Amino acid sequence: MAIKKENGRGSVYPLKNGRWRAAVTTGYDESGKQVLETRTCRSKAAASSALRDLLAEINGDIPASSSQTVSQFIDVWLSEVVSMRRSSTIASYTTQCQKYIRPHLGSQKLDKLTPQQVQRFVGKVGKTAGERTQQASYDVLSTMLEVAVKWRIIKSNPCKAVSRPRYDRKEILPFTAE
């Protein structure tokens, strides 16, 4: 005897073409018809995984997919968050964003940004600029992506999976009286 799932938990069922479909009712339209959110997958396991993702997205556990690029988010972040900082911080963040982050990562979709892309970015900045600039660019990118996580635009900060670049301060030797 089949066990009935509670309402709102979705379902996974086979299609005639051999694929599997995950479906969840998200509500009803103005005429009273069910509104379904569906995903079609190649296997039952993939459809079950898609069902879990759909339920998490609907219940607000993860953010919905965003079409916003890193460059677009930089503009919003600089105008809404950084504008409340000191003028020297604004200048520093703006410089890092314009000279390093936007040229290397600006065209990437924010929700598709991976730790590998961040690692590649850190490496490229390290080749073209100094160690301190490399570290500062990483710090600004990480801070910016933390805001994106707080605003639920992305699930997690890809910078967290990348080690912060090292910067070894050089010892300053003052002139002697000799």
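Figured I'd write up the structure that's included with this text. None of the values given here were measured: they were computed from a predicted structure.

So, the pattern of salt bridges
Now for step 1: Under the counting rule described, the total for this entry stands at four salt bridges.
Now for step 2: Note that R164 and D139 form a salt bridge whose closest N and O atoms lie 2.7 Å from each other. With R164 in the segment after α5 (131–150) and D139 in helix α5, this residue pair connects regions lying 25 residues apart in the sequence.
Now for step 3: Look at R164 and you get partly exposed, because its relative accessible area is 46%.
Now for step 4: Residues K160 and E146 are paired through a salt bridge, measuring 3.7 Å at the closest nitrogen-oxygen approach. With K160 in the segment after α5 and E146 in helix α5, this pair connects stretches of sequence that are 14 residues apart.
Now for step 5: For K160, a relative accessible area of 61% gives the class exposed.

Some remarks on helix α3 (residues 87–105)
Now for step 1: Where α3 bends most, at C97, the angle is about 40 degrees.
Now for step 2: Lining the buried residues of α3 we find α2 (70–80), α4 (115–128) and α5.

Brief notes about the pairing of strand β2 (residues 20–28)
Now for step 1: In the sheet, strand β1 (residues 11–14) pairs with β2 via four bridges, with the strands oriented antiparallel. Counterpart to S11 in the pairing with β2 is A23.
Now for step 2: In this structure, the hairpin formed by β1 and β2 is closed by a connection of five residues, where G18 is found at a positive phi of approximately 95 degrees.
Now for step 3: Bridge analysis of β2 against strand β3 (residues 34–41) gives eight bridges, and the strand direction is antiparallel.

Details of the state of the cysteines
Now for step 1: In the structure shown here, the tally under the stated rule is zero disulfides.
Now for step 2: Free cysteine C97: the closest other cysteine sulfur is in C159, separated by 12 Å.

Things to note about α2
Now for step 1: Of the positions making up α2, those classed as buried are V70, S71, F73, I74, W77 and L78. Seen from one end, α2 has its buried residues packed into an arc of 155 degrees, which puts them on one side.
Now for step 2: Buried residues belonging to α2 abut α3 and α5.

Focus: the sheet that holds β1
Now for step 1: If you walk across this open sheet you meet the three strands as β1-β2-β3, and the pairing is antiparallel. Pairing within the sheet leaves two strands with one partner each, and these edge strands are β1 and β3. In this sheet, adjacent strand axes meet at a mean angle of 30 degrees when their direction is disregarded.
Now for step 2: Strands in contact with helix α1 (residues 44–58) are β1, β2 and β3; relative to β2, the strand with the most contacts, it is inclined by about 20 degrees.

Notes on the side chain of Q68
Now for step 1: Mapped onto the secondary structure, Q68 falls in the loop between α1 and α2.
Now for step 2: On the basis of relative accessible area, Q68 is assigned to the buried category, the value being 19%.
Now for step 3: For Q68, the contacting residues outside a window of four places in its chain are F73, V76, Q108, K109, L110 and I153.

Brief notes about the packing of α4 against α5
Now for step 1: At a minimum axis separation of 8 Å, α4 and α5 run at an interaxial angle of 150 degrees. Considering their axes alone, α4 and α5 lie roughly antiparallel with respect to each other. α5 is crossed by α4, and the crossing has right-handed handedness. Residues V118, F121, V122, G123, V125 and G126 of α4 touch α5, and the partners they reach there are T133, Q134, S137, Y138 and L141.
Now for step 2: Per-class residue counts for the contact of α4 with α5 are six nonpolar, five polar and no charged.

Here is what the cut-offs are and how they apply
Residues numbered from 1 in each chain as written. Predicted model: local features only at pLDDT ≥ 70, side-chain atom pairs only at ≥ 80, totals over all residues. Heavy atoms only, no water. Salt bridge = Lys/Arg side-chain N within 4 Å of Asp/Glu carboxyl O. Helix = DSSP H or I, 4+ residues; strand = E, 2+ residues; numbered from the N terminus. Buried < 20%, exposed > 50% of the residue type's maximum accessible area, 1.4 Å probe, protein only. Bend = angle between axes of the 7 residues up to and from the residue. Contact = heavy atoms within 4.5 Å. Pairing = 2+ DSSP bridges. Disulfide = S-S within 2.5 Å. Arc of directions from axis to C-beta. Axes fitted to C-alpha atoms, helices over the stretch in contact; angles between N-to-C directions. Parallel < 35°, antiparallel > 145°, perpendicular 65-115°, else oblique. Left-handed = near helix turned anticlockwise from the far one by under 90°. Nonpolar A, V, L, I, M, F, W, Y, C, P; charged D, E, K, R; others polar.

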